[in-house]
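# Architecture and fold: a report
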Amino acid sequence: MSQKPQTLFDKIWDSHVVKRQEGHPDVVFIDRHFIHEVTSPQAFNGLRQRGIPVFNPQRTTAVPDHNVPTKDQLLPIKDALSRHQVDTLRKNCADFGIELYDLGHPYQGIVHIIGPELGLTLPGMTIVCGDSHTSTHGAFGNISFGIGTSEVEMVLSAQCIMQYKPKKMLIEINGQLGKGVLSKDIILYIIAKISAGGATGYFVEYAGDTIRNLSMEARMTICNMSIEMGARGGMIAPDETTFNYIKGRKFAPQGEEWEKQLAYWKTLKTDEGAEYDTVLRFNAEDIEPMITYGTNPGMGIKVTDRIPTLAELKDIAEQTSFKKSLEYMGLEAGAQLLGKPVDYVFIGSCTNARIEDLRLVADFVKGKRKADNVEVWIIPGSNQVATQAKAEGLDKIFAEAGFELRDPGCSACLGMNEDKVPAGKYCVSTSNRNFEGRQGPQSRTFLASPLTAAVAAVTGKVTDIREFV
Ligand SMILES: CC(C)[C@H](C(=O)O)[C@@H](O)C(=O)O
Ligand code: SF4
């Protein structure tokens, strides 16, 4: 009997449904649960109140990342709230028997960076975390999505979650990327095309030869930002690039188990003829280095383009938020961003703080110096990234360029620690959100790729990387 062709999403979802009842959300088994200090405290308190243990502590991994200092990380945390958050995570993990990669541990880092690098993130899994950018892990061909604190409690107590199945979107990108164009530009381009709400209610699968030719690091950047167009998550079918990345990692399957898993992973692709609710197609040749000018990630332009004018925007609601946005950013409609002086450059976050990002930046800045008007922070995504960077001598290249390589954490991606961009200052940032106040009260963010950030650091202004490569 021939089965109806299935999408990759359906294959993984259906194989994890524990209970399905018409008119109710599916009860879905969760293979891997990541937790951090911000969204887990109330969940643990809920368990305490109910007097129940964590159902399967081995499937949960904890790491402090949001509230951690990126200088002198091993000294007691000065900020009282941050210290309390991190201490609470420590106590909860000790009380409930959960593995914690605490500050100073070789595996500590941003939660979405450490999962993949430790081989905890694997194809075919269901993965959740009380964090919207859990979508990052989908680059390995699994279903990964962010959940709320009450759902964190649900997963801790039952290793399952109740969820309605989302709609499915395919985004196919084909063709050769131009010089100086990175995967960050691909995703900023897509979000600019479909808007920050363009994929609301969908789970996105990315496909096409452009995606196939990307490294795992680059794929993670794309899946990471799926959430910034409203999607529940993003995924990419696993292939040889995926398997090579995973092989030999700390918690990756080994020996016979590897062979067994690999055979299963190879089946993880969308069947010919399977249907999506929506299909979008883009050409890689149309994509250029991108930068955002506004206060949501959909407000992006090619770095050489002008900011749109009010008249160019179609709907009225959009016009109101557009005006407010430009006011906040201190920018004029119709103006060019190119040549705009910047004050800070932040290279970091779960979007672009992996070793490949740091290599790209180092490669570009080698022998160059930062401009006098900019302060440059490089915050590695994890201790493993930092160690690797040092082993390769990247720290020396950064130091010679006047860039500061600090300790790992979320840092100025959202400024929950002391790394804040001062009010009114402009920062070219490799992170994923440019919301009002995101990098500090009244801070102004231009989202861009690591290369566009690096060139801004050297010239002190918004610059087209293609002038240099
Ligand atoms: C703090 C956390 C809940 C939040 C998220 O869910 O994304 C943060 O990581 C962010 O990027 O804004
Ligand atoms: S690096 Fe930024 S986006 Fe990623 S988890 Fe941390 S705060 Fe959220």
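Note that this is a predicted model, so its numbers are computed, not measured. (Residues numbered from 1 in each chain as written. Chains lettered and ligands numbered in written order. Predicted model: local features only at pLDDT ≥ 70, side-chain atom pairs only at ≥ 80, totals over all residues.)

This part is about the environment of serine 382. Examined against the element boundaries, serine 382 turns out to sit in the loop between β16 (375–378) and α13 (383–391). Overall, serine 382 belongs to the buried group, with 29 C-beta atoms counted inside 10 Å. Those residues in contact with serine 382 that sit more than four places away from it in its chain are Gln108, Gly109, Ile110, Ile113, Ile114, Glu117 and Pro408. (Helix = DSSP H or I, 4+ residues; strand = E, 2+ residues; numbered from the N terminus. Buried ≥ 20, exposed ≤ 12 C-beta atoms within 10 Å, placed from the backbone. Contact = placed C-beta atoms within 7 Å.)

Bringing the site of ligand 1 into the picture now. In the vicinity of ligand 1, the contacting residues are Val38, Thr39, His66, Asp131, Ser132, His133, Gly146 and Leu414. Here the shell around ligand 1 is composed, by residue class, of 2 nonpolar, 5 polar and 1 charged. (Near = placed C-beta within 6 Å. Nonpolar A, V, L, I, M, F, W, Y, C, P; charged D, E, K, R; others polar.)

In space, the 5 strands of this open sheet follow the order β5-β4-β3-β6-β7, with parallel pairing throughout. Looking along the sheet, the strands with just one partner apiece sit at the ends: β5 (99–100) and β7 (143–146). Alignment of strand β6 (residues 126–129) against β7, held across 4 bridges, turns out to be parallel. Residue pairing for β7: isoleucine 127 is matched across the bridge by serine 144. (Pairing = 2+ DSSP bridges.)

Running from amino to carboxyl end, helix α2 (residues 41–50) crosses helix α5 (residues 149–158) at an angle of 50°, the nearest separation of the two axes being 8 Å. In this view, α2 runs oblique relative to α5, as classed from their interaxial angle. For the crossing formed where α2 meets α5, the hand is right-handed. In this structure, α2 uses Gln42, Ala43, Gly46 and Leu47 to contact α5, whose residues at the interface are Thr149, Val152, Glu153, Leu156 and Ser157. A breakdown of the residues in the contact of α2 with α5 according to their chemical character gives 4 nonpolar, 4 polar and 1 charged. (Axes fitted to C-alpha atoms, helices over the stretch in contact; angles between N-to-C directions. Parallel < 35°, antiparallel > 145°, perpendicular 65-115°, else oblique. Left-handed = near helix turned anticlockwise from the far one by under 90°.)

Per the UniProt annotation, the sites labelled "binding site: [4Fe-4S] cluster" (unreviewed entry) are Cys350, Cys410 and Cys413. The largest pairwise C-alpha distance within this set of annotated residues, which runs over 64 residues, is 8.8 Å, so the set is compact in three dimensions. As for its placement among the helices and strands, cysteine 410 is situated in the loop between β17 (404–405) and β18 (426–429). Excluding its chain neighbours within four sequence positions, the residues that come into contact with cysteine 410 are Asp65, His66, Ile110, Ser349 and Met416. Locating cysteine 413 in the fold gives a position in the loop between β17 and β18. (UniProt positions renumbered as here; feature names shortened; annotations may be inferred.)

Both strand β9 (residues 167–174) and strand β10 (residues 202–207) contribute to a ladder of 6 bridges, which runs parallel. Bridging from a neighbouring strand, leucine 170 pairs with glutamate 205 of β10. Here 6 bridges tie β9 to strand β12 (residues 278–283), and the two strands are oriented parallel to one another. Bridged to glutamate 172 within β12 is arginine 281.

Next up on the list: unusual backbone geometry. Of note in the backbone geometry, glutamine 159 takes a positive phi value of approximately 60° without being a glycine. Looking at where glutamine 159 falls in the secondary structure, it is placed in the loop between α5 and β8 (160–163). Its identity is not glycine, yet serine 195 carries a phi of approximately 85°, on the positive side.

In this section: the pairing of strand β2 (residues 26–29). Strand direction decides the pairing type here: strand β1 (residues 17–19) and β2, joined by 2 bridges, are antiparallel. Bridging from a neighbouring strand, valine 17 pairs with valine 28 of β2. Linkage of β1 to β2, two consecutive antiparallel strands, is achieved through a turn of 6 residues, within which glycine 23 is found at a positive phi near 80°. In this sheet, β8 lies alongside β2 in antiparallel orientation, the contact comprising 4 bridges. Each bridged residue has a counterpart across the sheet, and for valine 27 the counterpart in β8 is methionine 162.

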